[in-house]
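Chain and residue survey
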Amino acid sequence: MDRINVPPAGPMDLPLSLLEMGCSGRFELLTHPLPGQPLPPQSTLPHGLPPTSLNLETEVEKLFLRDPSWLPIHDTDFAFQKFLKVTQRESDVDSLLKCTQSPLHSGLSVVRDPTTGMLQDFTEVLLENTGLSAKNSLSFQRQPGPLSESLRGSNTNYPFLPGGMEELTLDQIKKKSELEEDIDFENDLLRVPPGLKAGMDFTDKDAKRAKPEVNLLSLLSTFDDIADWQPEAEEKAKGKGGEEAPKLPRTNSLEDLGIKDAESSSNPSEKGQDGKSKPKEKPEENKKWAIPVDITSPCEDFHKRIPNPAFDWPFELDVFQKQAVLRLEAHDSVFVAAHTSAGKTVVAEYAIALSQKHMTRTIYTSPIKALSNQKFRDFKATFGDVGLLTGDVQLSPESSCLIMTTEILRSMLYNGSEVIRDLEWVIFDEVHYINDAERGVVWEEVLIMLPDHVSIILLSATVPNALEFSEWIGRIKKKHIYVISTMKRPVPLEHYLYTGNSTKTQKEMFLLMDAVGNFLTKGYYTAIDAKKERTSKHAQSFGSKNTSQNTSSSQDRAVWLTLLHFLSQRQQTPVVAFTFSRTRCDENARSLDSMDMTTSIEKAEIHSFFQKSVSRLRGGDRQLPQILLMRGLLKRGIAVHHSGILPILKEVIEMLFSRGLVKVLFATETFAMGVNMPARTVVFDSIRKHDGTGFRNLLPGEYIQMAGRAGRRGLDATGTVIILCKSGVHDMADLHVMMLGKPTVLQSQFRLTYTMILNLLRVEALRVTDMMRRSFSENHRDTQTQEKRIVQLKQTLSSLPPLDTEGQLSDLLPYYHTVTELRTTTEALQKAILESVNGLKALSVGRVVVVNNKQHLNALGVLLQVSNDSVNRTFTALIICEKGNEEGEGNSGSPLPHLFNTALFIPEGPCSHTVQKLKFQDISAITVKTLKVIPDRIIDNYSKRQQPRFRLDPPGQAISTATQELLRLAEASPGGLATLDPVNDLKLKGVNVVEDTLRLRMLHGSLKDFNCIHTPTFAEQFARVTARMSVQEELDRLLFLTSDQSLSLLPEYHQRIKVLQSLQYVDSSGAVQLKGRVACQISSHELLLTELLFENVLSPLAPEESAALLSCLIFSQKTQVEPHITTTLQEGIGRVLAVAQRIGELQRECGIAQTAEEFVGQLKFGLTEVVYCWARGMPFAEIALLTDVQEGTVVRCIQRLDEVLKEVRQAARIVGDSVLGSKMEKASLAIRRDIVFTASLYTH
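In this convention, every chain numbers its residues from 1, walking through the sequence in written order. In keeping with the predicted nature of the model, local features appear solely for residues at pLDDT of at least 70, side-chain atom pairs appear and are counted solely at 80 or more, and the whole-chain, interface and lining totals rest on all residues. Where side-chain values are given, they derive from all heavy atoms of the structure, hydrogens and water being excluded.

Digging into helix H19 (residues 600-614)
Going by this rule: Secondary structure is summarised from DSSP: a helix means a run of H or I of at least four residues, a strand means a run of E of at least two, and numbering begins at the N terminus for each. Working rule for helices: expected span equals 1.5 Å times residues minus one. Partly exposed residues are those whose accessible area sits between 20% and 50% of the maximum for their type, while under 20% is buried and over 50% is exposed, using a 1.4 Å probe and protein chains only. An arc is given here, and it is the one of the directions from the helix axis to the C-beta atoms. Every residue pair with non-hydrogen atoms within 4.5 Å of one another is taken to be in contact.
A rise of 1.5 Å per residue sets the reference length of H19, with its 15 residues, at 21 Å; its end C-alpha atoms lie 21 Å apart and thus fit the reference within 8%. Inspection of H19 places Glu 602, Ile 606, Phe 609, Phe 610, Ser 613 and Val 614 among the buried residues, and these make up the whole buried set. Looking down the long axis of H19, one finds its buried residues gathered within 120° of arc, a one-sided arrangement. Turned more than 90 degrees off the buried face of H19, the exposed positions are Ser 600, Ile 601 and Lys 612. On its buried side, H19 packs onto helix H20 (619-622), helix H21 (625-635) and helix H22 (647-658).

Focus on the nonpolar core
Across soluble globular proteins, you tend to see nonpolar side chains buried next to one another. Using the following cut-off: The definition of a nonpolar core used throughout is a set of buried Ala, Val, Leu, Ile, Met, Phe, Trp, Tyr and Cys residues joined through side-chain atoms within 4.5 Å.
By size, the foremost hydrophobic cluster in this structure holds 210 residues, and its most contacted members are Phe 335, Phe 428, Phe 469, Phe 578, Leu 634, Phe 684 and Leu 1110. At ten residues, the largest contribution of residues to this core is made by helix H43 (residues 1191-1215). Not counting the four nearest positions on each side in its chain, Leu 634 is found in contact with Ile 606, Phe 610, Ala 639, Val 652, Ile 653, Leu 656 and Val 662. Among the nonpolar cores identified, the runner-up in size contains 59 residues, and Leu 878, Leu 988, Leu 1007 and Ile 1013 belong to it.

Quick notes on the pattern of salt bridges
Pairing between side chains of opposite charge can happen when their charged atoms approach one another. Selection criterion: Basic side-chain nitrogens of Lys or Arg form a salt bridge, by our definition, when they fall within 4 Å of a carboxyl oxygen of Asp or Glu.
According to the stated counting rule, one finds 29 salt bridges in the structure shown. With a closest N to O distance of 3.7 Å, Asp 996 and Arg 999 form a salt bridge. Of the two residues, Asp 996 and Arg 999 both sit in helix H33 (residues 991-1007), three residues apart, roughly one turn of that helix. Here Asp 996 falls in the buried class, since its relative accessible area comes to 14%. In this structure, a network of salt bridges that share partners links the residues Glu 669, Lys 689, Arg 696 and Glu 702.

Quick look at the pairing of strand S24 (residues 847-851)
Quick note on the threshold: Pairing between strands requires that DSSP locate at least two bridges from one strand to the other.
Where burial is concerned, most of S24 is hidden: five out of the five residues are buried. On S24, burial covers both faces: Arg 847, Val 849 and Val 851 on one face and Val 848 and Val 850 on the other are all buried. Bridge count for S24 against strand S28 (residues 923-930) is four bridges, and the pairing is antiparallel. Bridged to Val 850 within S28 is Ala 925. Pairing of S24 with strand S25 (residues 859-866) involves four bridges; the strand directions are antiparallel.

A look at unusual backbone geometry
Phi at Met 359 takes a positive value of approximately 60°, unusual for a residue other than glycine. Considering the arrangement of structural elements, one finds Met 359 in the loop between helix H10 (345-357) and strand S8 (361-366). One non-glycine residue, Glu 430, lies in the positive phi region at around 50°. Following the sequence through the fold, Glu 430 ends up in the loop between strand S12 (423-428) and helix H13 (440-449). What makes Glu 430 buried here is its relative accessible area of 11%.

A look at helix H44 (residues 1218-1231)
Between its terminal C-alpha atoms H44 stretches 20 Å, which fits the 20 Å expected from 14 residues at 1.5 Å a residue. What H44 keeps buried is the set Leu 1220, Gly 1221, Lys 1223, Met 1224, Ala 1227, Ser 1228 and Ile 1231. Buried residues in H44, looked at end-on, bunch into an arc of 160°, giving them a common side. Of the residues in H44, the exposed ones pointing more than 90 degrees away from the buried face are Ser 1218, Val 1219, Lys 1226 and Leu 1229.

Here we look at the packing of aromatic side chains
Cut-off, in case you're wondering: Pairs were defined over the aromatic rings of Phe, Tyr and Trp, the Trp ring being its six-membered one, requiring ring centres within 6.5 Å. Orientation was assigned from the angle between planes: stacked under 30 degrees, edge-to-face over 60, tilted for the rest. Over a ring means this: the NZ of a Lys or the CZ of an Arg is within 6 Å of the ring centre and within 35 degrees of the ring normal.
Per the counting criterion, the structure on display carries 18 aromatic pairs. Each ring, one from Trp 560 and one from Phe 666, has its centre 5.1 Å from the other, and the planes form 80°; the classification is edge-to-face. Of this pair, Trp 560 sits in helix H17 (residues 553-569) while Phe 666 sits in strand S19 (residues 664-667); the two residues are 106 residues apart in sequence, bridging distant segments of the chain. Both residues of the pair, Trp 560 and Phe 666, count as buried. Here the aromatic cluster, defined as three or more aromatic residues joined through ring pairs, consists of Phe 311, Trp 313, Tyr 350, Tyr 364, Phe 379 and Phe 383. The ring of Tyr 754 has Arg 1056 lying over it, and the distance from NZ or CZ to the ring centre is 4.7 Å.

Some details on the sheet that holds S28
Which entries qualify depends on this criterion: Here, axes are lines fitted to C-alpha atoms. For helices the fit covers the stretch in contact, and angles between N-to-C directions go from 0 to 180 degrees.
In space, the five strands of this open sheet follow the order S27-S26-S25-S24-S28, with antiparallel pairing throughout. Two strands lie at the open edges of the sheet, namely strand S27 (911-919) and S28, each paired on one side alone. Across this sheet, the average inter-strand angle for adjacent strands is 35°, counted without regard to direction.

A word on the side chain of Gln 1190
Counted only if it meets this: Each polar contact in these results corresponds to two N or O atoms within 3.5 Å; when the atoms are within protein, one needs to be able to donate a hydrogen and the other to accept it, and residues that are neighboring in sequence are counted only if both atoms are side-chain atoms.
Mapped onto the fold, Gln 1190 is located in the loop between helix H42 (1180-1186) and H43. Here Asp 586 takes part through its side chain, which lies 3.2 Å from a polar atom of the side chain of Gln 1190.

Some details on the confidence of the model for the protein chain
Note the threshold: pLDDT is a residue-level measure of predictor confidence that goes from 0 to 100.
Across the protein chain, the average pLDDT comes to 78, with 82% of residues at 70 or higher. Predicted confidence in the protein chain is weakest over helix H7 (residues 268-285), with a mean pLDDT of 40, and strongest over S12, with 93. For residues 225-285, every residue scores under 50 in pLDDT, and the model assigns this stretch 42 contacts once sequence neighbours within four places are set aside.

Points about the sheet that holds strand S15 (residues 493-498)
Strand order across the open sheet formed by seven strands is S16-S15-S23-S20-S17-S19-S18, with mixed pairing between neighbours. Taken across any chain shown, the strands that pair with only one partner, and hence form the sheet edges, are strand S16 (509-513) and strand S18 (638-641). Recorded for the sheet is a direction-independent mean angle of 25° between the axes of neighbouring strands. By the bridge criterion, six bridges tie S15 to strand S23 (residues 719-724) in an arrangement that is parallel. Bridging from a neighbouring strand, Tyr 496 pairs with Ile 722 of S23.

Thoughts on the side chain of His 339
Within the secondary structure, His 339 sits in the loop between strand S7 (333-337) and H10. Take His 339: its relative accessible area is 8%, and that puts it in the buried class. In contact with His 339, other than residues within four places in its own chain, are Lys 344, Thr 462, Thr 486, Met 487, Lys 488, Arg 489 and Ile 704.

Some points on a negative patch on the surface
Let me state the cut-off plainly: The patches reported here contain residues having more than 30% relative accessible area and no salt bridge. Joining distances are 9 Å for like charges and 5 Å for nonpolar side chains (Val, Leu, Ile, Met, Phe, Trp, Tyr). Residue burial considers only the protein chains on display, and all accessible areas are found by Shrake-Rupley using a 1.4 Å probe. Counted as positive: Lys and Arg. Counted as negative: Asp and Glu. His and the chain ends are not counted at all. Working definition for charges: the position is that of NZ of Lys, CZ of Arg, CG of Asp or CD of Glu.
Taken together, the side chains of Glu 1145, Glu 1149, Glu 1157 and Glu 1158 make up a negatively charged region of the molecular surface. Residue assignment for the negative patch shows that the elements contributing at least two residues are helix H39 (1127-1149) and helix H40 (1156-1161). By the secondary structure assignment, Glu 1149 is in helix H39. A residue is classified by how much of its surface remains accessible, and Glu 1149, at 64% relative accessible area, is exposed.

What follows is the structure in structure tokens.
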């Protein structure tokens, strides 16, 4: 566009001007031009507008025809000729040298006016840590990774630094700086540059050294009489301290500086400061990390403290909720333990609202997928900005609140996901799941790996050791955890026994525990009487023929019909009936064919909801037998909920139940674990369940969890819990324990997994031992106090006088060690004797023994009484002693003299006696002799003469006879009496006993050869050695306890490393190799899958065959049906088993406890045929007929199989096996169809 020349504005022209706005073709009229300026059409852009639309032809030609990457690879000649005709191709060599730009080393910073905030200038600032990236640093300063990896991270990323892990300590930093500052800028500088002959002379010729400043305080301290000057001098000294400050070593706290300063100088003023700063340190020593919050008193000033809360509820909060919210506002971590339906979700909701207010993110983790889906629906309705991440679903992952399973959070932490940067809260729901043997370890890993800036919210059912658990988390995270636990139920429960089984007896319901928690035995006995009346006279007198716990299905049906009829009359529905077997659930529901519990309006509502939900399925799937059966049941208000039910049906049932349209729900325990669906009444079909190993009664925790479903907040005054007594009334003790027992303690299920080891090994800064040391299983280690004690002991050691080991004393230490060994061996032998039958027989009344303790040395005694307490057994004995030494402590000058001196004690003066209680340690030998004594008389006589009035009476007949006998024995064999030998006489034949006896003989023999015994100062020197060695031994013990060597899992860690090394997952130095990188991708059965990949077991198979083969890693039930499968699959199974056998044997060789059979036994091939047919497109209805496994289990298995296929695909890509990768993708697509992958109703 050419510029138009406009003549200059004349006096007649209006002062108008046009301003062209950009290239959009808009103009603006300027009516007040600047004086003295001409009026050309002004423009905001340089002249010559950019082309408005690109020429599409040239673009297409440039993109597709001239771009060599579009050329076909095969049949090049023909294509190449055409290509050359179309285009003149210019070669561009530089395009091959694409090089990523190095990071900028500086950035711009703005200088503003401090008062007005106006921009004044830009300055260049150097950026620190520009070299940090996710591949080499744990720091949050590192650059964000590529966008594609921001959510899940990548398995080559480092995780962020876990909170509570030690960064460099001050000492380490100091050491480093000393190394760096080796150059002395004063003395050893080069005067002559290398290569030159002459240099420079740096000596100071005439400069005088400045005198150091005078320390006024040191002058003043000589004038003691001038007291008035002191304050000024103090200030001076402080000022002087300020000048010297830069020379002080760097430290993290001012207190350290004060203290160091005080130690280095002895100024009175600073001594005072020192005195003040010492007490400050005291609270650090036994710092409690878990702080219990008092919720007994009401929280009055709640609204004052939080004037504008992040979230408002339509109801008034309970005290425990208010306290939790206050803690969240202060950004503290909390542990909330309360019964189901007490309102723990309030805490989670507030955290989510806070994080939305702060523009940060929250992660909500739950143990069960169904629970995740439900929470997603609830939170989505409340907050809107909510995402969901489970194994197979990913909905709006950019939201501020993410709901996920714990396993996914774990992999995000290991893979350094960028989400962690913005994370403010992590909410763990149902934390008591940490007790789960299989998955509990995941919670511990996540808690250990969470970074420092993330606050933790733990929601749990009531647990007895909430404080201990929180203390552990607080200690590993180095932050306070506020523990809020409430035992109060919003709706109290009443527990009943029900014995009715017919219309006549339908009202037989007996209160067993009232709403306040009193156990009523009266109710129990009336229930027993009611049950008794019904049994025949014959059975009452002779016991019934059928005493088994099991009842026939017709009896069951009668009980259920009676009970439900009774409950619906009393309007006690909805009812949840907990039954601990899936088949029993189904049978019970089917047997109620005559019951109809819904009105016609409800029927219509159920019908329309059911049809709408099922309409998302494909035609054939809508006619599945399970769906038709459930439709019939639901219309009558009855439903079944367990793992064998199809997921979509489960969700329909849950939703109808929460609307109150399902009147009776037969459910297994999982219903109580996950979904929050309270009912009016809960019925227990039985109180025994099978837990995978055998039948047992319900644990208190399980009972409380399930019974807690009774009572809907705001609807019912009390919840009703009914225990059916079908065959007989349960044992009262069992019921009492179950209702009033302590719920299960939170216990660590921490174990080492290969994935964990490999994930930590690939990061140098994190060590597996750190992870083990922080696990809840090692919670008993109190390293801080132990380390403090170690410092004390080291000081004690250095202050002890040195040992004199010259001349005759040269074998003092070996002597000490021999004596110690003697002592431990003797103790072990004594323990063995005490625990044996023959030993106790020998130690009976009348046995003569040799006594050695502080008072007696090799004195003979006779046993009068043996206590019955098997733990601390005591022996009452009559012992001879010197006259006048009956009470005394004796001379314990020489340590352990009886070891090398076996001569018996014979009194020098007249012989006296004493009766004492002896510990077994005091009896150094059991002789072959026994005496006839009358113990009662001796003891009575002796205790009578202990009273002051009878003190001077002569001893009774029985005592003097026994004393004379003992003295006679001692004089007869002064060298020592023959003793009972543990092996030959007491017939103890244990290997340990025999070895100990032989060792004792040897040690006794060697004692005589030591020289040090003969030294005059022996006793004093030996006492010194003992003092020194006891300190040394305690120090060694503590050093061992604080070291990694004492970790209980350390041996297993070394065994697992051995396995990984022999399979070449890591090399000898512990660096992760390619196989290890692949195994990091895989979450379960990592070794087996990686080996299958590297041995090419999966490559020759078709996609559907490999999917079928991999189903063995997920499926875990037993099946009765033998699958019919193709020969290639048969061979594949053989190869998988061979690989598993090899890994199992290798683990066994490396010392891992699991046998090869157990390892191989985990693989169950029951669903191979089902998965194979499903992947080949067979409809679900036909598949269900191939196996006896229930439909729900099949669906769940195929869903999880899809996750495994994704992992294998990822792994194949790392190895570079693109063929296998695409096969896995095909397999994944083949199984992702129809009813198995219908989206959850909660997420739509």
